[in-house]
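# Fold and geometry: a report
Below are the chains, spelled out letter by letter.
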Amino acid sequence: MEELRRKLNNEYLTIGEYINQGLEVFKKMVIKEKLLIAAIVSSTFVGLMIPFVVWIFTLINTVLSFILIGRTVNLIEENEYPDPKDEVLKSAVLTGVCFIAFIIVGVIVSIPLIVIFILNDFFNSIIIAIIFPIIVSGILGITISVLYFCVIPYFLPVYISRNVVIKEAFRINKKLRTGNRMRLFIPTIIISIIGIFIPTLINIPFIKIIFVVILGNATGILSSSVITLIFLNVEYMYNNRINVPAQSFLEDKADIISGGSEKGEEDDRGNDITINDDEAEII
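So, here's what we can say about the structure. Computed from a predicted structure; not experimentally measured.

### Looking at unusual backbone geometry
Despite not being glycine, E78 has its phi angle at roughly 55°, a positive value. With respect to the helices and strands, E78 occurs in the loop between helix 4 (54-77) and helix 5 (84-123). Taking the relative accessible area as the measure of exposure, E78 reaches 52% and is therefore exposed.

### Describing the layout of surface pockets
Estimates place the volume of the second largest pocket at around 240 Å³. Secondary structure elements with two or more residues in the lining of the second largest pocket: helix 4, helix 5 and helix 7 (155-161). If one sorts the elements of the lining of the second largest pocket by residue count, helix 4 sits on top with seven residues. Per-class residue counts for the lining of the second largest pocket are five nonpolar, five polar and seven charged.

### A word on helix 2 (residues 15-32)
Taking 1.5 Å of rise per residue, 18 residues should cover 26 Å, and helix 2 covers 25 Å from first to last C-alpha, within 8% of that figure. For helix 2, the set of buried residues is Y18, G22, V25 and M29. End-on view of helix 2: buried residues confined to an arc of 70°, all on one side of the axis.

### Brief notes about the pattern of salt bridges
Throughout the structure, instances matching the rule amount to 10 salt bridges. In this structure, R5 and E78 form a salt bridge, with 3.0 Å as the shortest nitrogen-oxygen distance. With R5 in helix 1 (residues 2-10) and E78 in the loop between helix 4 and helix 5, this pair connects stretches of sequence that are 73 residues apart. As a salt-bridge pair, E33 and R71 come within 2.8 Å of each other at their nearest N and O atoms. Taken together, the positions of E33 in the loop between helix 2 and helix 3 (34-49) and R71 in helix 4 put the pair 38 residues apart, joining distant regions of the chain. Relative accessible area serves as the criterion here: at 6%, E33 is assigned to the buried category. With a relative accessible area of 18%, R71 lands in the buried category. Counted as one network, the salt bridges with shared partners bring together E2, E3 and R6.

Criteria and thresholds
- Residues numbered from 1 in each chain as written.
- Predicted model: local features only at pLDDT ≥ 70, side-chain atom pairs only at ≥ 80, totals over all residues.
- Heavy atoms only, no water.
- Helix = DSSP H or I, 4+ residues; strand = E, 2+ residues; numbered from the N terminus.
- Buried < 20%, exposed > 50% of the residue type's maximum accessible area, 1.4 Å probe, protein only.
- 1 Å grid on protein atoms, 1.4 Å probe; cavity = no way out; pocket = protein on both sides within 12 Å on 5 of 7 lines; lining within 4 Å.
- Points joined across faces, edges and corners; volume = space filled by probe spheres on them.
- Nonpolar A, V, L, I, M, F, W, Y, C, P; charged D, E, K, R; others polar.
- Expected span 1.5 Å × (residues − 1).
- Arc of directions from axis to C-beta.
- Salt bridge = Lys/Arg side-chain N within 4 Å of Asp/Glu carboxyl O.

Take a look at the structure:
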């Protein structure tokens, strides 16, 4: 992992490099985190098989997925894993924040849909009843996704992997997102499209459910790996950039000091030199 960290620290990777390196991290995570990944797959499968408790397993799955992101960061940086209680608590807090956000979004989405159903009762039109809800839902879904990647693209990995509170995570996300939104958006969309498209090729119901669970979780873990790589790459490069002025300033000061020492030595030898413009005028 040292070579990967060096690469992330030296330059911005391309989309292809993010995905290729993400696959390597994915392989290592599957080997290292067998129990965690098995728990994620199991919670997804049980949630699909028992629909009336799906929301419970969705919450469990979300908590486990956030823990996985934190452990992916620790794997790449070769850090010691935090206390499991701290992992669960922080992931549970973030899950609660996401749950509240989804409720707010759900309310916003339901308003135009309610209006559409009222119009349908009034006009009794199949276009209003079927096509409009699809169009509105699609537009709102795209809008919410775009807003997420524009406003808080790096909030999740920052909060999960760094020792910060929610407010501080938002502040750091604001710094990292400048010029780096599409860097996260494009690979995530590519992986999501692949994960959505492939299951449509299978028509056998039960096999399709198993395949969807396995592929869905595989693409989710791969997305976590890629998101983690992009986050670390952006964070490392940002830290390098803000440290450059201080480094240049120190180098300039070193040049001035060394220059002054040379002049002092010349004075000790008794040579007639001009130190600065003011002294030149006095002479």
